[in-house]
Structure formats: structure tokens, C-alpha cells
Amino acid sequence: MGSEMCIRDSSTTPGGLGDGLKRQLAALAHDCAAVSAGAVGGASGGGCCRRALSLHGRAYRGVHVVFLWVVVFDALALPIQLAYLELTSAMGWLLYAMIAADVLYVARIFVRFRTSYMNEQSVEVFDLRQIRTHYLASDFTLDLLASWPHDLLALALGAPLWVHTALRCTRLLNVRYLFHAFVAWRARLADDDLLGGFAANMAVIALCCHACACAWRVMGYSQLAREQLRVTWQREFEVQANRVGATQAAYTSVEAALVDGYLVSTLYVSSMLSTIGLSQLPANFSEFAFFLVMMLLNTTVYAYAVGGISGRVMKQDDGVVAKRGQLQLVFRYIAHIQVRAHNGRAHTPCLPAHTSREEGALASHHASICLPLPPPPPSLPNNPTGAA
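Residues numbered from 1 in each chain as written. Predicted model: local features only at pLDDT ≥ 70, side-chain atom pairs only at ≥ 80, totals over all residues. Heavy atoms only, no water.

Q: Can you walk me through a positive patch on the surface in this structure?
A: Judged by side-chain charge, Arg-51, Arg-114, Arg-129 and Arg-132 come together as a positively charged surface patch. When you line up the elements, Arg-132 lands in helix α6 (residues 128-137). (Patch = residues over 30% accessible without salt bridge, like charges linked within 9 Å, V, L, I, M, F, W, Y side chains within 5 Å. Areas by Shrake-Rupley, 256 points an atom, 1.4 Å probe, with all protein chains shown as cover. Salt bridge = Lys/Arg side-chain N within 4 Å of Asp/Glu carboxyl O. Lys, Arg positive; Asp, Glu negative; His and termini not counted. Charge placed at Lys NZ, Arg CZ, Asp CG, Glu CD. Helix = DSSP H or I, 4+ residues; strand = E, 2+ residues; numbered from the N terminus.)

Q: Help me out: how do you make sense of unusual backbone geometry in this one?
A: Residues apart from glycine generally show negative phi values, whereas peptide bonds are mostly found in trans. In this structure, Ser-122 is a non-glycine residue whose phi angle is positive, near 60°. Structurally, Ser-122 can be placed in the loop between β1 (117-118) and β2 (124-125). Residue classification places Ser-122 among the exposed positions, given a relative accessible area of 57%. (Buried < 20%, exposed > 50% of the residue type's maximum accessible area, 1.4 Å probe, protein only.)

Q: Is there a simple way to explain the pattern of salt bridges in this structure?
A: One side chain can pair with another of opposite charge once the charged atoms of both are near each other. For the structure on display, the rule yields ten salt bridges. The shortest N-O distance in the salt bridge between Arg-108 and Asp-143 comes to 3.8 Å. Residue Arg-108 is found in helix α5 (residues 92-112), and its partner Asp-143 is found in helix α7 (residues 140-147); the two are separated by 35 residues along the sequence. In this structure, Arg-108 and Asp-143 share a single accessibility class: buried. In this structure, the salt-bridge partner of Arg-168 is Asp-151, at a minimum N-O distance of 3.3 Å. With Arg-168 in the loop between α9 (161-167) and α10 (175-188) and Asp-151 in helix α8 (residues 150-156), this pair connects stretches of sequence that are 17 residues apart. Neither Arg-168 nor Asp-151 differs from the other in exposure class; each is buried. Taken together, the salt bridges that share partners define one network made up of Asp-74, Asp-102, Asp-151, Arg-168 and Arg-171.

Q: How should the environment of Leu-94 be read in this particular structure?
A: Note that Leu-94 resides in helix α5. For the pair Leu-94 and Gln-81, spaced 13 residues apart in the sequence, the C-alpha separation amounts to 9.3 Å. With residues up to four places along the chain from it excluded, the contact list for Leu-94 reads Phe-73, Gln-81 and Thr-88. (Contact = heavy atoms within 4.5 Å.)

Q: Could you clarify how one ought to interpret the state of the cysteines in this entry?
A: Throughout this description, disulfide means a covalent bond between two cysteine sulfur atoms. Applying the stated criterion to the full structure yields zero disulfides. Free cysteine Cys-209: the closest other cysteine sulfur is in Cys-208, separated by 5.9 Å. (Disulfide = S-S within 2.5 Å.)

Q: I'm lost on the nonpolar core in this one. Help?
A: Burial of nonpolar side chains together is a common tendency in soluble globular proteins. Core analysis: the largest hydrophobic core is formed by 19 residues, its most contacted members being Cys-212, Trp-216, Val-269, Met-272, Phe-290 and Met-294. Elements supplying a minimum of two residues to this core: α11 (194-221), α14 (254-273) and α15 (285-337). Ranked by residues supplied to this core, first place goes to α11 with eight residues. Contact partners of Met-294, with chain neighbours within four places excluded, come to Cys-212, Val-269, Met-272 and Leu-273. Listed in part, the ten residues of the second largest apolar core include Tyr-84, Met-91, Leu-94 and Leu-258. (Core = buried A, V, L, I, M, F, W, Y, C linked by side-chain atoms within 4.5 Å.)

Q: Help me understand the packing of α11 against helix α13 (residues 233-243), please; the structure alone is not making it clear to me.
A: Helix packing for two helices is described by the angle between their axes and how far apart those axes are. Their axes nearest at 7 Å, the elements α11 and α13 cross at an angle of 80°. By the angle class used here, α11 and α13 are roughly perpendicular. Counted together, Trp-216, Arg-217, Met-219, Gly-220 and Tyr-221 of α11 and Trp-233, Gln-234 and Phe-237 of α13 form the full contact between these two elements. Among the residues forming the contact of α11 with α13, the class breakdown is five nonpolar, two polar and one charged. (Axes fitted to C-alpha atoms, helices over the stretch in contact; angles between N-to-C directions. Parallel < 35°, antiparallel > 145°, perpendicular 65-115°, else oblique. Nonpolar A, V, L, I, M, F, W, Y, C, P; charged D, E, K, R; others polar.)

Q: How do you make sense of the packing of aromatic side chains when you look at a structure like this?
A: All chains considered together, the criterion is met by nine aromatic pairs. Ring centres of Phe-113 and Tyr-135 lie 5.0 Å apart, and the angle between their planes is 85°; this geometry places the pair in the edge-to-face category. Here Tyr-135 lies in helix α6 and Phe-113 lies in the loop between α5 and β1, a separation of 22 residues in the sequence. The burial state of Phe-113 is the same as that of Tyr-135; both residues are buried. Taken together, a centroid distance of 5.7 Å and an interplanar angle of 55° make the contact between Phe-113 and Phe-140 tilted. (Phe/Tyr/Trp six-rings, centres within 6.5 Å; stacked < 30°, edge-to-face > 60°.)

Here it is, written out as C-alpha cells:
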């Protein structure tokens, strides 16, 4: 209505919009109003839009940020729980933290039933009936499977602790939200953002090292590995430690012992992933297969991350080289035309400070210099006969 009134008012003023353009704008305003009334209001009668949370509102954004951080904690803590089961079983606070995370996952499902979404026309839908239909047809099944407390039911029925921990692996289905958020954040980074690119690529390496370190710990310290394998990397590590006279520190807390074992596993894995500083060879066929997997990760994930960091550094160098070449061009031109020093310093800032990377190679040919134009020649007298 507001758009149509503005168009009608403009038709009464002199010099207003043309008749064809006014009709097009009036039709566009009418279509937008119809789409908003049909997609946003929907079949709810206009009242439900006040009770639904906006997908772009502060309330839902805050809930989503808290949810993502809990997913990060769960994704990092769950492999550690499986790898260090004999240590994490003595941490009572960890069980309460996992229960709190499960409560948040279930609560978020109810929040999703009352949160708007973007339809195929990029219109935010607030109708509760459409929201429920869309959520049930999209993410509800995976969210329910990732939040179902079957691990707590198994623990209540007297299942072993490792069964309770293994059943929590379905919580890793929520990592897909973390992946989408990471991809969206990385897409917003500028091409020459060195700090952001370094953090994004190092996060990939850190996640790979974390998962491999937990698997490496299981292969050396688990009860199954000790019973089935005569020699493991853990026994070889203890032999090397005794050879140099190293002794195990007496930790006063379980958390300190866990950190010590995690650092040892991470040291081994990082050395294998970067192919530097290998201290020992595989002790059995399982470790030999693990070494092969680490070599494949070195040629794929590690090479991808290091290549991304190198690309960011090279983009920084391209900008510095382009600006340096432009300054040299200015100084050479000033020296060639023999401009005074104070005039040269005054003209130097006129050079464009920012050029695109694609034009960096042609900066020496297309750089503009703000120099004063020579005065025009004096006009000759009008004498067509050529008389003196």
C-alpha cells in the first residue's frame, strides 16, 4: 500500500515518473504484497507469525551459537572418551556434561518446530503449519536420532560403561551443522585474509590429528590390543623411555594423566602426518596399516591445508609486489622528466593505492600519474592572407 501511494503521489507532481514505469512499479508492489501475505501469513490467520521465532533474530542466533559450541565439545570429547575409557570413567563431571548436552539437543528440536525457514523463493516463512511440515520432511529424523537418549537408557539398564559411551556416537550426526557453519564462515573470508585463512586450514589439520591421535591410543593401550598383540607402539615407547632413564610422573588428578597420554599420542600422529621425526617403525600389522592411512592423509588433507596457507601467503606477496612496482614506476617517471623533488613527493600519493590482483601484472603499463598538464599554446592571430 505504501509503495502504491508513493507512486500515485508522484503522478500528480510535474516531472514525475512515466506512465509505463509507474504501472510496472505498482504491479511489482502488488506482487510483493501478495507473496508476503501468502507465504508469511499462510493458513495461520496472521496470529502465529507473532509466536514463531525468526531465523535471523537474536534469540535463535544465540541458541544456535550455543548449540554449535556444544557440538564442538561433544565432537572433541567423544573420541577421547572412547580412547581413554579407563581414565574418563573416573571423571564424574564429564557424565553430567554429556547429560546437559543431551538436554540441549532435545530442547533445540522443540525450538526448531517454532522457528521460521527460507522457502524456495527466498522468503522467510512464519506459518507454524508450514514450519512443522518443512522440519519433519528435512532435518527432524537425523536430529531425533542424534538426540535420542538411548545411551542413558542403556546405562540405566546396567550396560557396561563402554557400551554407554559407544551409543553416544550418534551425537556426531550434529557435526553436519558445524560443517555448514564452517563452510559459510570460510566463504565470507576475503581472498587476502591471511589470519582467517590460516585459522581455517589449521582447523582442518587439528581435527585430523585429534581423530588419529585417539585411534592411535586405542591401538596401543586398549585391553583388546594388549591381549591380541604381543608388541605394540606403547610397549616400544616404554622400552625407549626406560633406555634413556625416563620415569612416569605421579599425577594427582585423572585429568593430568589424560593430558599426558593425549600429548604423547598427538606427538606420534603429528610426526607421521607431517612425515618428519618418525621415532619408531610399526610394531605389528595393524600399526603398519595405520601408517599407510597416515601417508594417504599426508598427501591429501595435510597437502590441502598447507597449500591453502601457502596460497594465502602468496596473495599477500602479490599485493606488496604490485604496490612496490607502482612506486618504482612513479620515481622513474619523475626522474625522467626531471621534476623537482618537492613536486615529486606531492605527485606520488596520486597513484592509485589499491589495484586488483588481476591488474597487478599490468600495473606498470596502466598506472595513472597525476601530473599538471602543460599550458596551452598561445592563440595565433586570425590572418588568412598571411600579411605581416
